[in-house]
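Understanding the architecture of this molecule
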Amino acid sequence: MSPSQESTSSAAAQTTPIIDAQVHVYEPDHPGRPWKGRLVGPDSMTGEEMLAAMDAAGVDCALAVSSWAFYHNDSSYTADVYRQNPDRFRIIAPINPYVAGAVEDIDSWGDIPGSVGIRLMPGVIEGFDAASAEVKAVVTAAQKFDFPICVYCPGQLQHLDRLAQLYPETRFVLDHLGLAQPFEPPVPSDPFAAIGSVLSLARYDNVSVKISAAPTLSHEPFPFTDLWSPLARYFDSFGIERCMWGTDWTRALKLVSYGDSVAAFRDHLPLSKDEKAALMGGTVSATFGW
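Residues numbered from 1 in each chain as written. Predicted model: local features only at pLDDT ≥ 70, side-chain atom pairs only at ≥ 80, totals over all residues. Heavy atoms only, no water.

**Considerations on the overall build of the chain**
Cut-off, in case you're wondering: What counts as a helix is a DSSP run of H or I of at least four residues, what counts as a strand is a run of E of at least two, and both are numbered from the N terminus. For the radius of gyration, the atom set is restricted to C-alpha positions; the globular benchmark scales as 2.2 Å times the number of residues to the power 0.38. Exposure classes here rest on a 1.4 Å probe applied to the protein chains alone. A residue is buried below 20% of its type maximum, exposed above 50%, and partly exposed in between. Residue contacts follow a heavy-atom distance rule, with two residues in contact if any of their heavy atoms lie within 4.5 Å. The accessible surface values rely on the Shrake-Rupley method and a 1.4 Å probe; as for residues, cover is taken only from the protein chains in view. We treat Lys and Arg as the positive residues and Asp and Glu as the negative residues; His and chain ends play no part in the count. Charged groups are reduced to one reference atom each: NZ for lysine, CZ for arginine, CG for aspartic acid, CD for glutamic acid.
Within the chain one finds eleven helices and eight strands. In terms of C-alpha radius of gyration, the chain reaches 18 Å, essentially the compact-globule figure of 19 Å for 290 residues. Along the longest, intermediate and shortest principal axes, the C-alpha atoms of the chain span 50 × 45 × 35 Å. Going through the 290 residues of the chain one by one, you find that 58% of them count as buried. A sequence separation of at least 24 residues applies to 78% of the contacts in the chain between residues at least 6 apart. Here the chain has roughly 11400 Å² of accessible surface; of this, 51% comes from carbon and sulfur atoms. Between the mean site of the 20 positive side-chain charges and the mean site of the 35 negative ones, the chain shows a separation of 2 Å.

**Some thoughts on the packing of helix 10 (residues 258-268) against helix 11 (residues 273-288)**
Filter applied, for reference: Axes here refer to lines fitted to C-alpha atoms; in helices the fit is confined to the stretch in contact. Angles between the N-to-C directions go from 0 to 180 degrees. Note that the term roughly parallel is reserved for angles under 35 degrees, roughly antiparallel for angles over 145, roughly perpendicular for angles of 65 to 115, and oblique for everything else. Residue classes follow a fixed rule: Ala, Val, Leu, Ile, Met, Phe, Trp, Tyr, Cys and Pro count as nonpolar, while Asp, Glu, Lys and Arg count as charged, and any other residue, Gly among them, counts as polar.
Their axes nearest at 10 Å, the elements helix 10 and helix 11 cross at an angle of 155°. As judged from the angle between their axes, helix 10 and helix 11 are roughly antiparallel. Contacts between helix 10 and helix 11 pair Val-262, Phe-265, Arg-266, Asp-267 and His-268 from the former with Lys-276, Leu-279 and Met-280 from the latter. Residues that form the contact of helix 10 with helix 11 fall into these classes: four nonpolar, one polar and three charged.

**Things to note about the side chain of Asp-175**
We count it as follows: We call two N or O atoms a polar contact when they sit within 3.5 Å, provided that within protein one can donate a hydrogen and the other can accept it, with sequence-adjacent residues counted only if both atoms are side-chain atoms.
Residue placement: Asp-175 occurs in the loop between strand 6 (172-174) and helix 8 (195-199). Among the polar contacts made by the side chain of Asp-175, one reaches the side chain of Lys-210 at a distance of 3.0 Å. Those residues in contact with Asp-175, other than ones at most four positions away along the chain, are Gln-22, Arg-119, Cys-150, Val-151, Tyr-152, Lys-210 and Ser-212.

**Quick notes on the sheet that holds strand 5 (residues 149-151)**
Keep this limit in mind: Note: two strands are recorded as paired if DSSP finds a minimum of 2 bridges between them.
The eight strands lie next to each other as 1-2-3-4-5-6-7-8, forming an open sheet whose pairing is parallel. Each end of this open sheet is capped by a strand with a single partner; those strands are strand 1 (19-23) and strand 8 (243-246). Within the sheet, the average angular offset between the axes of one strand and its neighbour, ignoring direction, is 25°. Inspection of the sheet shows strand 1 paired to strand 2 (residues 61-65) by three bridges, in the parallel sense. Paired with Asp-20 across the strands is Ala-62, a residue of strand 2. Strands in contact with helix 7 (residues 158-166) are strand 4 (115-120), strand 5, strand 6 and strand 7 (207-212); relative to strand 6, the strand with the most contacts, it is inclined by about 165°.

**Thoughts on the environment of Met-280**
Structurally, Met-280 is set in helix 11. Residue Met-280 is classed as buried on the basis of its relative accessible area, which comes to 0%. When residues no more than four places from it in sequence are discounted, the contact partners of Met-280 are Pro-17, Ile-18, Ile-19, Trp-245, Val-262, Phe-265 and Arg-266.

**Describing unusual backbone geometry**
In this model, Phe-222 is joined to Pro-223 through a cis peptide bond whose omega is 10°. Within the secondary structure, Pro-223 sits in the loop between strand 7 and helix 9 (228-238). In this structure, Thr-250 follows Trp-249 across a cis peptide bond, with omega equal to 15°. Among the secondary structure elements, Thr-250 is positioned in the loop between strand 8 and helix 10. Located in the positive-phi region is Asp-146, a residue other than glycine, with phi close to 55°.

**Brief notes about the state of the cysteines**
The test is simple: Disulfides are defined as pairs of cysteine sulfur atoms found within 2.5 Å of each other.
This structure, assessed with the given rule, holds zero disulfides. With no disulfide of its own, Cys-153 lies 11 Å from the sulfur of Cys-150, the closest cysteine sulfur. A disulfide-free cysteine, Cys-243 has its sulfur positioned 14 Å from the sulfur of Cys-150, the nearest such atom. For Cys-243, a relative accessible area of 0% translates into the label buried.

**Some words on the pattern of salt bridges**
Just so we agree on the cut-off: A carboxyl oxygen of Asp or Glu within 4 Å of a side-chain nitrogen of Lys or Arg is what we treat as a salt bridge.
For the structure on display, the rule yields 13 salt bridges. Glu-184 serves as the salt-bridge partner of Lys-254, at 3.5 Å between the closest nitrogen and oxygen. With Lys-254 in the loop between strand 8 and helix 10 and Glu-184 in the loop between strand 6 and helix 8, the pair connects residues that are 70 residues apart, well separated along the chain. The exposure class assigned to Glu-184 is partly exposed, which follows from its relative accessible area of 44%.

**Concerning the packing of aromatic side chains**
We apply this condition: Within 6.5 Å between ring centres, the rings of Phe, Tyr and Trp (the latter by its six-membered ring) count as paired, and their orientation is classed by plane angle as stacked under 30 degrees, edge-to-face over 60, tilted in between. When the NZ atom of lysine or the CZ atom of arginine is within 6 Å of a ring's centre and also within 35 degrees of its normal, the charge is said to sit over that ring.
The full count for this structure, using the stated rule, is ten aromatic pairs. Between Phe-70 and Tyr-71, the aromatic rings sit 6.2 Å apart at their centres with planes inclined by 45°, giving tilted as the arrangement. Of the two residues examined, Phe-70 and Tyr-71, each falls in the buried class. Summarising the aromatic geometry, the rings of Tyr-234 and Phe-238 are spaced 6.5 Å apart at their centres and angled 15° between planes, so their arrangement reads as stacked. Here Tyr-234 and its partner Phe-238 are both found in helix 9, four residues apart, which amounts to about one turn of the helix. When sorted by exposure, Tyr-234 lands in the same class as Phe-238, which is buried. Joined through ring pairs, the aromatic side chains of Tyr-26, Trp-35, Phe-70 and Tyr-71 make up one cluster. Stacked on the ring of Phe-183, the Lys or Arg Arg-251 has its end atom at 5.3 Å from the ring centre.

Shown next, in the form of structure tokens:
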């Protein structure tokens with residue numbers, strides 16, 4: 001039996017559902033909802049296809065983050081997936097503060113029952129300024145719905161540092177360990193070189209971190225045991241109650257299978273049962289009000 005086909009009995013034994021903190025869903029490119037670009041992955045990862053992968057791996061639920069690469073600020077497909085599967089997904093929309101109508105987009109997003117947050121992407125939006133009027137307006141709009149704000153800023157952690165300072169009442173979630181992650185092999189020689197800068201953000205009580213797509217930073221085969229030591233530094237700095245596991249599927253697929261992304265953490269990560277339950281579901285539930 002391969003690692004990704006291991007029995008899910010250990011997952012079933014957990015009282016806390018396993019929740020993937022980040023997946024992307026998208027349909028094939030078509031004129032009615034054309035792609036703006038693309039991300040690593042197959043020609044589609046529809047809601048049904050994502051559910052099939054989750055079921056095979058023993059994952060109960062997932063946060064579906066509308067893909068900026070495919071759709072920019074059009075999150076309508078992800079919203080459709082939620083409506084078809086309201087018991088399995090909650091949804092997050094990327095927002096560009098500098099595009100006209102950003103605040104209105106958040107207001108519309110907040111009217112969807114399954115919406116639980118938004119995403120800012122200083123890592124790809126040129127000229128992002130946490131103190132700008134545009135960003136302040138977006139954060140204020142998110143606060144109206146008590147939305148946590150996910151932040152993608154690998155190599156540009158100063159943006160989250162400033163956001164956390166300026167908006168202490170807002171919950172921020174740092175995407176993907178705060179590190180640059182490869183989209184395909186090879187893995188960087190020192191993938192955790194910037195870990196000190198990331199861990200310094202733990203001093204802000206309103207900052208949590210996604211332990212997402214971590215296997216893309218491993219130099220070892222499944223179960224990626226070279227990750228355990230650096231990840232322990234995250235758990236020690238932020239506390240397990242501010243860390244949440246995720247796969248960033250399908251972006252990670254050239255480096256790790258979905259099943260192995262789940263099984264490595266569920267079955268091999270050296271944490272207690274309660275700590276693992278928090279990492280793989282409890283923190284997401286508490287942070288996003290699920």
